[in-house]
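Notes for the structure review
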Amino acid sequence: MSKPAIENIRHILVVGSGAMGSQIGLVAALAGYRVTVQDISEEMLEAAKFQLASRLKANVAKGKATADDADAALRRLTFTTNLAAAADADFVIEAATERLDIKQQIFTRLGELAPAHAILTTNSSTLGSSKVADASGRPEQVCNMHFFNPALVMKCVEVVRHRQTSDATVEVTLELARRLGKEPVLINQEVPGFVANRLMAAVQKEALALHAAGVATLADIDATAKSALGHPMGPFELMDMVGLDVIDFIAQATHAQTGEEADRPHPAITELVVRGRLGRKTGHGWYRYAQ
Ligand SMILES: NC(=O)c1ccc[n+]([C@@H]2O[C@H](COP(=O)([O-])OP(=O)(O)OC[C@H]3O[C@@H](n4cnc5c(N)ncnc54)[C@H](O)[C@@H]3O)[C@@H](O)[C@H]2O)c1
């Protein structure tokens, strides 16, 4: 089996064209890679095509990209429902629906279809890559490559190795993230929530406790995080942006893995989710937003 190498990466396959996959595909195309975005849903692919073209148009209008660069990026992008595109992919980033059965099926197929040198990564926030590594038949070439939302903007990429991930896989994945204009960090153990979501959860937990005890208002807690700690957003603003349903889901998944009382979903968040207050996307979360 040939060893993964950064020089071998010309064609990147992104599996899943939702919120994350579509933007990851554009990030890679803007960095000069040939990219195929695959999804089982024609509608999602059409929506992704439309959103990426609009995003590029807006970037050109704002002077963030030239029209030539935008056209070239679009020409490097292909959209398909056929996973057979994996047959000439050098690197795969799976960003499909967060369900283990779906991801295991995808990794089984990728293991059969992708060339022997291809590295297979998952963008999953809650599922460590060890859960899909065996299905691929090449566990040493599998790791998490965890982008943040919105992937076009956020610089951090957590590269999370599992016990069998090879050093070559880690090095190539870190280097690819740099070539995509990101600032990757290496996570040496598959802990639930990795690093960023654990830090975020800790800050949120304190913020929720302070608010519940009536120590300060939502707005003042958010203002303190920004002006005293230098956070670009306060914890409540961030929860509303990420989506309270997403935060609740991550907590449920973390709790299912650790069994720790401290990791249980916070009742105040669950209550907002039940009431349909999911954050910015529904116009009401901790705060109200003009729709
Ligand atoms: N949304 C976030 O904030 C965020 C941040 C970081 C990581 N992630 C991770 O990224 C992944 C995708 O999340 P998302 O928010 O983009 O989800 P999404 O629901 O927006 O998109 C998922 C896409 O996967 C497609 N899909 C489902 N089954 C498939 C299959 N068998 N083959 C190909 N495509 C398939 C769906 O049609 C859909 O278009 C998840 O693993 C999630 O944990 C999400």
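Residues numbered from 1 in each chain as written. Predicted model: local features only at pLDDT ≥ 70, side-chain atom pairs only at ≥ 80, totals over all residues. Heavy atoms only, no water.

**Concerning the site of the ligand**
Taken together, 23 residues lie near the ligand, and Met20, Asp39, Glu98, Lys103 and Asn123 sit nearest. In the model, an oxygen atom of the ligand is placed 3.0 Å from a nitrogen or oxygen of the alanine 19 main chain. At a separation of 3.2 Å, an oxygen atom of the ligand approaches a polar side-chain atom of asparagine 149. Considering the ligand on its own, with 840 Å² of exposed area, one finds that the protein chains cover 79% of that surface. Elements represented by at least two residues in the shell around the ligand include exactly helix 1 (19-30), helix 4 (100-113) and strand 6 (142-147). (Near = heavy atom within 4 Å. Polar contact = N/O pair within 3.5 Å; in protein donor to acceptor, adjacent residues only side chain to side chain. Areas by Shrake-Rupley, 256 points an atom, 1.4 Å probe, with all protein chains shown as cover. Helix = DSSP H or I, 4+ residues; strand = E, 2+ residues; numbered from the N terminus.)

**Thoughts on the packing of helix 1 against helix 2 (residues 42-61)**
Between helix 1 and helix 2, the least distance of the axes is 10 Å, while the angle of their chain directions is 50 degrees. In terms of axis orientation, helix 1 runs oblique to helix 2. Classified by chirality, the crossing of helix 2 by helix 1 is right-handed. For the pair helix 1 and helix 2, the contacting residues are Ser22, Gln23, Leu26 and Leu30 in the first and Ala48, Leu52, Arg55 and Leu56 in the second. A per-class count over the contact of helix 1 with helix 2 returns five nonpolar, two polar and one charged. (Axes fitted to C-alpha atoms, helices over the stretch in contact; angles between N-to-C directions. Parallel < 35°, antiparallel > 145°, perpendicular 65-115°, else oblique. Left-handed = near helix turned anticlockwise from the far one by under 90°. Contact = heavy atoms within 4.5 Å. Nonpolar A, V, L, I, M, F, W, Y, C, P; charged D, E, K, R; others polar.)

**As for the environment of arginine 198**
Along the chain, arginine 198 turns up in helix 7 (residues 196-212). Residue class for arginine 198 comes out partly exposed when judged on its relative accessible area of 45%. For arginine 198 and aspartate 263, which are 65 residues apart along the polypeptide, the C-alpha to C-alpha distance reads 9.7 Å. (Buried < 20%, exposed > 50% of the residue type's maximum accessible area, 1.4 Å probe, protein only.)

**Concerning the packing of helix 10 (residues 244-258) against helix 11 (residues 267-274)**
The interhelical angle for the contact between helix 10 and helix 11, taken along N-to-C directions, is 130 degrees, at an axis separation of 9 Å. One way to sum up the angle between helix 10 and helix 11 is to call them oblique. Relative to helix 11, the crossing made by helix 10 is left-handed. For the pair helix 10 and helix 11, the contacting residues are Leu244, Asp245, Ile247 and Asp248 in the first and Ile269, Thr270, Leu272 and Val273 in the second.

**Details of the sheet that holds strand 1 (residues 11-15)**
Two pairing modes exist for strands in a sheet, parallel and antiparallel, and in both the strands are linked by backbone hydrogen bonds. Taken together, eight strands build an open sheet; the order of strands is 3-2-1-4-5-6-7-8 and the sheet is mixed. Among the strands making up the open sheet, the edge pair consists of strand 3 (77-80) and strand 8 (183-187). When the angles between neighbouring strand axes are averaged without regard to direction, this sheet yields 25 degrees. With four bridges connecting them, strand 6 and strand 7 (residues 156-160) associate as antiparallel partners. The residue of strand 7 that forms the bridge with phenylalanine 147 is valine 157. (Pairing = 2+ DSSP bridges.)

**What about unusual backbone geometry?**
Following asparagine 149, the chain continues to proline 150 via a peptide bond in cis, the omega torsion being 0 degrees. Considering the arrangement of structural elements, one finds proline 150 in the loop between strand 6 and strand 7. In this model, phenylalanine 194 sits at a positive phi of 50 degrees, which is unusual for a non-glycine residue. Tracing the backbone shows phenylalanine 194 in the loop between strand 8 and helix 7. Classification of phenylalanine 194 as buried rests on a relative accessible area of 2%.

**Some thoughts on the layout of surface pockets**
Reported here for the second largest pocket is a volume of approximately 490 Å³. Around the second largest pocket sit 22 residues that line it, and Ala201, Ala251, Ala262, Asp263 and Arg264 are the ones nearest its centre. Sorting the residues of the lining of the second largest pocket by element identifies helix 7 and helix 10 as the ones contributing at least two each. Among the elements that line the lining of the second largest pocket, the one with the most residues is helix 7, at eight residues. For the lining of the second largest pocket, a count of residues per class yields eleven nonpolar, five polar and six charged. (1 Å grid on protein atoms, 1.4 Å probe; cavity = no way out; pocket = protein on both sides within 12 Å on 5 of 7 lines; lining within 4 Å. Points joined across faces, edges and corners; volume = space filled by probe spheres on them.)

The values reported here are purely geometric and, on their own, carry no functional implication.
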